Amino acid sequence: MRTIIEPFRIKSVEPLRHSTAAEREQYLEQAGYNLFGIEARHILIDLLTDSGTSAMSTEQWAAVMRGDESYAGSESFFRLKRVADELTGFRHMIPTHQGRAAERILFTVMCKPGNIVPNNTHFDTTRANIEFTGARAVDLPIPEAADTQARLDFKGNLDVAALESLIAVEGPGKIPLVIVTVTNNSGGGQPVSMANLEAVQRVCARHGIPLYLDACRFAENAWFIHEREAGYGSWSPKQIAQKMFSLADGCTFSAKKDAFANIGGFLSTNDDRLAQQETNLLILTEGFPTYGGLAGRDLDAIAVGLEEVLDPDYLRYRIASTGYLGRHIADHGVPIVEPPGGHAIYIDAARMLPHIPPPQFPGQALAVELYRHAGIRSVEIGSVMFGEAARHELLRLAIPRRVYTQSHIDYVVEAILEVNARKQEIRGLEIVEEPPFLRHFSARFRQL
Ligand code: F0G
């Protein structure tokens, strides 16, 4: 059989509510044309993020009931630790309430003013947490990634030559760690190859610089390696993931992505001295080291999710379903970041709407139009989010895990193609109110 089906059936359902075009116009006006300001009950299909929005399995809900809520030494912690240890091989696993808490602790311990932290592409919280310590976050994507239309198997790779010259110019003493983000979210959800990880690891080892993974979407990355990289076709996703982790000295992890959890994360390291400092900080802001800001039941849900996500049937379906959305819109003329990523499809709004210049926010204009037309929520990743530093004007359609079926995605495809058919009518926006930082969450707009 060629048809790839959702490898689950549905036991508990949540109703979706339709709204009228007039209602959506009113919600848009009230929210200042910023989709973050719209109440979730007024959204039909929510593709704002794949973070914390997964559907948990029956086994995860059963694990939730087993959660041990002891303040110290909870059994839930040891269940998670066993799973994480087997998967990552790192000596220390420090639970945190989500990925950015792990980032804050890691960079507080490792970075000083004047330091530089390279990454294939920093996620915005990663960059913000690095820069908060006075260090500088530097993106080193491969040059081909700048072309949204280039179809590369591993377009998320880090530019190893650029890393070498950065180290040569700045000196290894200024670089406390190198990070590789798998998959590369800000770079279009594109995977990183094992060969690239190995090359980065060799450079880091030669200069004595620790290598960390931002491992939020490690399983999706492992599946791409299984499918695309020579020599890994017969490896299981778990074996591939284990090898990816074995190349690093530690990781940050948001369990809100590939662990199917609604909250949670962890910070791992092989360095005993760092782990001690990190644990001290953890106690200050997150909690005791065996719960780190989470309930015992959350730790158990993560432990089960970490194993479920490596099921080849799930990963085959997951990557195929994201590709399905990408191919169906791209083959009908909507320019996307090629090839489709693991967790999201990114529409190149600058290419789709050449009549709207970047200062009039083509990605935001498209997000507004898609909501207006069909009640779909997406997110701009372009000039609204990054200001003049934006390299592209993208609209991200992130797919929550195990939440929507193929008919929901067919609806999204139809909506996008209908909007594309009359794209000349879409107008740009202007900002009328904005906060001093992270403006995309709360800026208000006016239609031009
Ligand atoms: N690193 C990456 C690559 C991420 O995508 C995220 C979150 C984080 C770190 C931070 O993790 O949210 O648990 O604190 N990405 C979400 C998104 C928010 O929509 O892409 P967190």
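Residues numbered from 1 in each chain as written. Predicted model: local features only at pLDDT ≥ 70, side-chain atom pairs only at ≥ 80, totals over all residues. Heavy atoms only, no water.

### Structural notes on the overall build of the protein chain
A count of helices and strands for the protein chain gives 16 helices and 14 strands. For the protein chain, whose C-alpha radius of gyration is 21 Å, the value lies close to the compact-globule estimate of 22 Å for 448 residues. For the protein chain, the C-alpha atoms occupy an extent of roughly 60 × 55 × 45 Å along the three principal directions. Sorting the 448 residues of the protein chain into buried and exposed places 58% on the buried side. Within the protein chain, counting contacts between residues at least 6 apart in sequence, those at least 24 apart form 72% of the total. (Helix = DSSP H or I, 4+ residues; strand = E, 2+ residues; numbered from the N terminus. Rg over C-alpha atoms; globule rule 2.2 N^0.38 Å. Buried < 20%, exposed > 50% of the residue type's maximum accessible area, 1.4 Å probe, protein only. Contact = heavy atoms within 4.5 Å.)

### Details of the site of the ligand
Every one of the 17 residues lining the ligand counts as a neighbour, but T49, R100, S254, K257 and R396 are closest to it. Side-chain polar atom of Q98 to an oxygen atom of the ligand: 2.9 Å apart, as the coordinates give it. By residue number, the principal contributor to the shell around the ligand is helix α4 (residues 99-110), which donates three residues. Along the lines of polarity and charge, the residues of the shell around the ligand split into two nonpolar, eight polar and seven charged. (Near = heavy atom within 4 Å. Polar contact = N/O pair within 3.5 Å; in protein donor to acceptor, adjacent residues only side chain to side chain. Nonpolar A, V, L, I, M, F, W, Y, C, P; charged D, E, K, R; others polar.)

### Some remarks on the pairing of strand β7 (residues 250-254)
Counting buried positions over the five residues of β7 gives five, a clear majority of the element. Side chains G250, T252 and S254 project from β7 onto one buried face, and the interleaved C251 and F253 project onto a second face that is buried too. Of the strand pairs in this sheet, strand β6 (residues 211-214) and β7 are connected by three bridges, and their pairing is parallel. The residue of β7 that forms the bridge with Y212 is G250. Across five bridges, the pairing between β7 and strand β8 (residues 265-269) is antiparallel. Note on β8: the bridge partner recorded for S254 is G265. (Pairing = 2+ DSSP bridges.)

### Comments concerning the packing of helix α8 (residues 218-228) against helix α12 (residues 312-330)
Remark: α8 packs on α12, axes separated minimally by 10 Å, with the N-to-C direction vectors making an angle of 85 degrees. When the axis of α8 is compared with that of α12, the two are roughly perpendicular. Where α8 abuts α12, its residues A219, E220, W223 and F224 lie against P312, L315, R316, R318 and I319. (Axes fitted to C-alpha atoms, helices over the stretch in contact; angles between N-to-C directions. Parallel < 35°, antiparallel > 145°, perpendicular 65-115°, else oblique.)

### Quick notes on the packing of aromatic side chains
Given two aromatic rings, their pairing is described by the distance between the two centres and the angle made by the two planes. Counted according to the given criterion, the structure contains 13 aromatic pairs. Relative to Y317, the ring of F8 has its centre 5.7 Å away and its plane inclined at 85 degrees; by these criteria the two rings are edge-to-face. Taken together, the residues F8 in the segment before α1 (21-30) and Y317 in helix α12 connect sequence positions 309 residues apart. The class for Y317 is buried, based on a relative accessible area of 8%. Within the aromatic cluster, the residues linked to one another by ring pairs are F90, F218, F245, F253 and F266. Sitting above the plane of the F260 ring, R402 keeps its charged end 3.6 Å from the centroid. (Phe/Tyr/Trp six-rings, centres within 6.5 Å; stacked < 30°, edge-to-face > 60°. Lys NZ or Arg CZ within 6 Å of the ring centre and 35° of its normal.)

### Some words on the domain arrangement of the protein chain
With domains assigned, the protein chain is organised as domain 1 (21-50 + 311-447) and domain 2 (59-308). A separation of 27 Å is found between the C-alpha centroids of domain 1 and domain 2. Between domain 1 and domain 2, the residue contacts involve 29 residues of the former and 31 residues of the latter. Carbon and sulfur atoms make up 53% of the area that domain 1 and domain 2 hide from each other, which totals about 2500 Å². The three residues of domain 1 that bury the most area against domain 2 are L315, E338 and R401, which together make up 21% of that side's buried surface. (Domains from an automatic or database assignment. Buried area = accessible area lost by both parts, 1.4 Å probe.)

### Thoughts on the sheet that holds strand β12 (residues 394-398)
Strand order in the open sheet made by the three strands is β9-β12-β11, with antiparallel pairing throughout. One side of each edge strand has no neighbouring strand; the edge strands of this open sheet are β9 (344-348) and β11 (379-381). Between one strand and the next, the sheet's axes are offset by a mean angle of 35 degrees, whatever the strand orientation. As judged from the five bridges shared by β9 and β12, these two strands associate in the antiparallel manner. Residue pairing for β12: D348 is matched across the bridge by L394. On top of the sheet, α12 reaches β9 and β12; it is set at about 20 degrees to β9, its chief contact.

### Re unusual backbone geometry
Cis geometry marks the peptide bond from V182 to T183; its omega dihedral reads -20 degrees. The residue T183 is located in the loop between β5 (178-181) and α7 (194-207) in this model. Phi is positive for Y33, which is not a glycine, with a value near 55 degrees. Structurally, Y33 can be placed in the loop between α1 and β1 (45-46).

### Here's the deal with a nonpolar patch on the surface
Residues F36, F437, L438 and F441 make up a contiguous nonpolar surface patch of roughly 410 Å² in combined accessible area. Within the secondary structure layout, F441 lies in the loop between β13 (429-433) and β14 (444-447). (Patch = residues over 30% accessible without salt bridge, like charges linked within 9 Å, V, L, I, M, F, W, Y side chains within 5 Å. Areas by Shrake-Rupley, 256 points an atom, 1.4 Å probe, with all protein chains shown as cover. Salt bridge = Lys/Arg side-chain N within 4 Å of Asp/Glu carboxyl O.)

### Some details on the side chain of H122
Here H122 is to be found in the loop between β3 (116-119) and α5 (124-132). Here H122 falls in the buried class, since its relative accessible area comes to 4%. Leave out the neighbours within four places in its chain, and H122 touches V117, R127, I130, A137, V138, D139, I179 and S186.

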